[in-house]
Amino acid sequence: MSKAELAEKIAEQTGLTKADAERAVNAFINVVTSTLKSGDDVTLVGFGTFTTGDRAERQGRNPQTGKTITIAAKKVVKFKPGKALKEEVGG
């Protein structure tokens, strides 16, 4: 599902206009992004938790040449689904 399709579904279920639903989706994405950037977690009870973690520097291999390369350390975003979401999806 694309962002536009998500906004359309939200508009259908809430009675908002498509434009208002799209603004709401964009606002949600902006809030989650800025919260994770600041180092805090985003917990939506029943849905899940967005967190950040550090991935250490590691060795990798260039698949075209076979040469060993160093992959830099970086911060990654993680999502852990909540119990209600797991049960609803069937997991």
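Just so you know, these numbers come straight off a predicted model, no measurement behind them.

Student: Sorry, what's going on with the sheet that holds strand E2 (residues 48-55) here?
Tutor: The strands that make up a sheet pair up through hydrogen bonds in the backbone, lying either parallel or antiparallel. Read across the sheet, three strands follow the order E1-E2-E5 without closing on themselves; strand pairing throughout is antiparallel. Looking at which strands have only one partner, the edges of the open sheet turn out to be strand E1 (42-44) and strand E5 (74-81). Each neighbouring strand pair of the sheet contributes to a mean axis angle of 25°, computed without reference to strand direction. Strands in contact with helix H2 (residues 18-37) are E1, E2 and E5; relative to E2, the strand with the most contacts, it is inclined by about 40°.

Student: Help me out: how do you make sense of the packing of helix H1 (residues 3-14) against H2 in this one?
Tutor: To characterise two packed helices, one gives the angle between the axes of the helices and the distance between these axes. For the pair H1 and H2, the least separation of the axes is 8 Å and the interaxial angle reads 120°. Between H1 and H2, the interaxial angle falls into the category oblique. Our pair here, H1 against H2, has a crossing hand that is right-handed. Here H1 contributes Lys3, Leu6, Ala7, Glu8, Ile10 and Ala11 to the contact with H2, which in turn contributes Lys18, Ala21, Glu22, Val25, Asn26 and Ile29.

Student: What should I look at first to understand a positive patch on the surface in this one?
Tutor: Taken together, the side chains of Arg55, Arg58, Lys74 and Lys78 define a basic patch exposed on the protein surface. Positionally, Lys78 belongs in strand E5.

Student: What's the story with the packing of aromatic side chains in this structure? I'm lost.
Tutor: How two aromatic rings sit relative to each other is given by the distance of their centres and the angle of their planes. The tally for this structure, following the rule as stated, stands at two aromatic pairs. On the basis of an interplanar angle of 55° and a centroid distance of 5.5 Å, the ring pair of Phe47 and Phe79 is categorised as tilted. With Phe47 in the loop between E1 and E2 and Phe79 in strand E5, the pair connects residues that are 32 residues apart, well separated along the chain. On the basis of relative accessibility, which here comes to 38%, the residue Phe47 falls in the partly exposed class. Given the relative accessible area of 36%, Phe79 is considered partly exposed. Here the aromatic residues Phe47, Phe50 and Phe79 are joined through ring pairs into a cluster of three or more.

What counts, and at which threshold
Residues numbered from 1 in each chain as written. Predicted model: local features only at pLDDT ≥ 70, side-chain atom pairs only at ≥ 80, totals over all residues. Heavy atoms only, no water. Pairing = 2+ DSSP bridges. Helix = DSSP H or I, 4+ residues; strand = E, 2+ residues; numbered from the N terminus. Axes fitted to C-alpha atoms, helices over the stretch in contact; angles between N-to-C directions. Contact = heavy atoms within 4.5 Å. Parallel < 35°, antiparallel > 145°, perpendicular 65-115°, else oblique. Left-handed = near helix turned anticlockwise from the far one by under 90°. Patch = residues over 30% accessible without salt bridge, like charges linked within 9 Å, V, L, I, M, F, W, Y side chains within 5 Å. Areas by Shrake-Rupley, 256 points an atom, 1.4 Å probe, with all protein chains shown as cover. Salt bridge = Lys/Arg side-chain N within 4 Å of Asp/Glu carboxyl O. Lys, Arg positive; Asp, Glu negative; His and termini not counted. Charge placed at Lys NZ, Arg CZ, Asp CG, Glu CD. Phe/Tyr/Trp six-rings, centres within 6.5 Å; stacked < 30°, edge-to-face > 60°. Buried < 20%, exposed > 50% of the residue type's maximum accessible area, 1.4 Å probe, protein only.

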